[in-house]
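Observations on chain architecture
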Amino acid sequence: MMNRKVTKAIFPVAGLGTRFLPATKSIPKEIMTLVDRPLIQYAIDEARAAGITEFIFVTSRGKSALEDYFDHAPDLEASLRAKGKKDLLNILENTHMDSGAIAYIRQHKAKGLGHAVSCAHRLIGDEPFAVILPDDVIAAERPCLQQMVEAYEETGGAMVAAMEVAPEQISSYGVLAVASDIGRVVKVKGMVEKPTADKAPSNLAVIGRYILTPKVLDNMSSVDVGAGGEIQLTDAIAKEIDHGRGVYGFRFDGKRYDCGSKAGYLQATVAFALAHPDLKDSFSNYIENMVAARRAAQ
Ligand code: UTP
């Protein structure tokens with residue numbers, strides 16, 4: 001089966017980020033850094049590696065720092081050039097977007113992820129597209145979205161990234177009811193948003209990477225307000241199953257960090273610092289000494 005190439009990605013960044021208040025009162029969550037790169041840069045790098053060339057941000061009030069991040073910074077660049085700091089100029093180069101490659105759409109009210117994605121409907125046209133939630137950071141040898149794009153070339157339909165989670169965490173996720181399990185790919189027969197552990201149809205949870213078709217956006221018009229009083233993306237995807245179209249879960253290779261939560265963000269910070277070429281030796285020494293000191297004090 002030949003499926004159309006995925007070249008567009010939507011980045012919904014219009015959430016309120018309440019779990020990081022007060023920081024997110026004035027800083028978008030997606031600008032928070034893991035070591036030295038903001039969360040949004042990890043998401044963009046992953047999208048680029050998967051062949052994405054058009055980047056659509058669904059933003060809201062107070063997110064202008066995100067728009068500035070992708071602009072050229074003439075004074076800073078001139079100063080670095082004058083000082084011959086080529087390495088820093090190269091790092092900045094990676095933050096630039098070609099004119100026309102990036103679009104910003106406004107979500108005026110945080111009505112939920114499904115609503116945020118539907119705000120980009122008119123920019124999507126008739127093509128499959130990716131959705132990346134930048135607060136889900138995935139450390140992987142081959143970037144997660146790239147793995148999904150390759151799998152999608154075989155399956156078509158709608159595809160969500162999936163991972164196994166512990167029963168006590170399942171109620172935080174959209175959960176898949178599995179029709180058949182074909183290795184990394186599972187065929188989905190139902191999806192439930194934030195079920196209690198006893199009602200969860202499996203332990204396979206949806207996390208923040210999707211490849212969808214415009215039909216999912218069409219479904220949005222008949223999606224009611226769902227779990228948490230929000231318009232949920234999983235509800236619009238689940239309607240594809242009702243229409244007899246394929247929905248697939250993809251078990252990706254990699255480690256996902258929930259950087260929308262304080263614990264997940266701190267775990268990612270430690271993991272990325274321990275993997276950073278300039279920091280790993282001194283930082284691992286620091287952690288080892290700290291753990292030893294804590295043990296000795298107990
Ligand atoms: P979250 O569930 O993490 O919500 O959204 P949030 O508002 O960002 O953070 P908390 O829960 O208040 O701390 C998941 C993703 O969906 C986007 C968010 O920006 C995030 O990337 N989102 C969510 C929107 O763009 N609009 C919404 O109305 C809701």
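The text that follows walks through the structure, step by step, so that each part is easy to find. This is a predicted model, so every value here is computed, not measured. (Residues numbered from 1 in each chain as written. Predicted model: local features only at pLDDT ≥ 70, side-chain atom pairs only at ≥ 80, totals over all residues. Heavy atoms only, no water.)

1. Description of the overall build of the protein chain
- Helix and strand content of the protein chain: 11 helices and 13 strands.
- For 298 residues, the compact-globule formula gives about 19 Å, and the C-alpha radius of gyration of the protein chain, at 20 Å, lands near that figure.
- Principal-axis analysis of the C-alpha atoms places the extent of the protein chain at approximately 60 × 55 × 40 Å.
- The burial tally for the protein chain puts 47% of its 298 residues in the buried class.
- Contacts spanning at least 24 positions in sequence make up 76% of the contacts within the protein chain whose residues lie at least 6 apart.
- Of the roughly 15,400 Å² of accessible surface on the protein chain, a fraction of 52% belongs to carbon and sulfur atoms.
- Between the mean site of the 35 positive side-chain charges and the mean site of the 37 negative ones, the protein chain shows a separation of 4 Å. (Helix = DSSP H or I, 4+ residues; strand = E, 2+ residues; numbered from the N terminus. Rg over C-alpha atoms; globule rule 2.2 N^0.38 Å. Buried < 20%, exposed > 50% of the residue type's maximum accessible area, 1.4 Å probe, protein only. Contact = heavy atoms within 4.5 Å. Areas by Shrake-Rupley, 256 points an atom, 1.4 Å probe, with all protein chains shown as cover. Lys, Arg positive; Asp, Glu negative; His and termini not counted. Charge placed at Lys NZ, Arg CZ, Asp CG, Glu CD.)

2. Some points on the site of the ligand
- Within the structure, the ligand sits among 17 residues, and Leu-16, Thr-18, Arg-19, Lys-29 and Gln-107 are positioned closest to it.
- Separating a nitrogen atom of the ligand from a side-chain N or O atom of Gln-107 is a distance of 2.8 Å.
- Gly-112 is positioned such that a nitrogen or oxygen atom in its backbone is 2.8 Å from an oxygen atom of the ligand.
- For the ligand, whose accessible area on its own is 570 Å², the fraction buried by protein is 84%.
- When atom positions are compared with the pocket grids, the ligand is found to occupy the largest pocket. (Near = heavy atom within 4 Å. Polar contact = N/O pair within 3.5 Å; in protein donor to acceptor, adjacent residues only side chain to side chain. 1 Å grid on protein atoms, 1.4 Å probe; cavity = no way out; pocket = protein on both sides within 12 Å on 5 of 7 lines; lining within 4 Å. Sits in = over half its atoms within 2 Å of the grid points.)

3. Details of the packing of aromatic side chains
- Following the criterion strictly, the structure yields nine aromatic pairs and no others.
- Note on Phe-57 and Phe-70: the rings are 5.3 Å apart at their centroids and 45° apart in plane angle, and the pair reads as tilted. Of this pair, Phe-57 sits in strand E4 (residues 54-59) while Phe-70 sits in the loop between helix H2 (64-69) and helix H3 (74-82), and the two are 13 residues apart along the sequence.
- Taking the relative accessible area as the measure of exposure, Phe-70 reaches 4% and is therefore buried.
- Ring plane angle 70° and centroid distance 6.0 Å describe the contact between Tyr-257 and Phe-272, whose orientation is recorded as edge-to-face. In this pair, Tyr-257 is assigned in strand E13 (residues 255-258) and Phe-272 in helix H10 (residues 262-275), connecting sequence segments 15 residues apart. Here the two residues Tyr-257 and Phe-272 agree in accessibility, since each one is buried.
- An aromatic cluster is defined as three or more aromatic residues linked by ring pairs; in this entry it consists of Phe-11, Phe-55, Phe-57, Tyr-69, Phe-70 and Tyr-104.
- Above the ring of Tyr-42, the side-chain terminus of Arg-37 is found at 4.1 Å from the ring centroid.
- When the ring centre of Tyr-257 is taken as origin, the NZ or CZ atom of Lys-255, which lies over that ring, is 5.2 Å away. (Phe/Tyr/Trp six-rings, centres within 6.5 Å; stacked < 30°, edge-to-face > 60°. Lys NZ or Arg CZ within 6 Å of the ring centre and 35° of its normal.)

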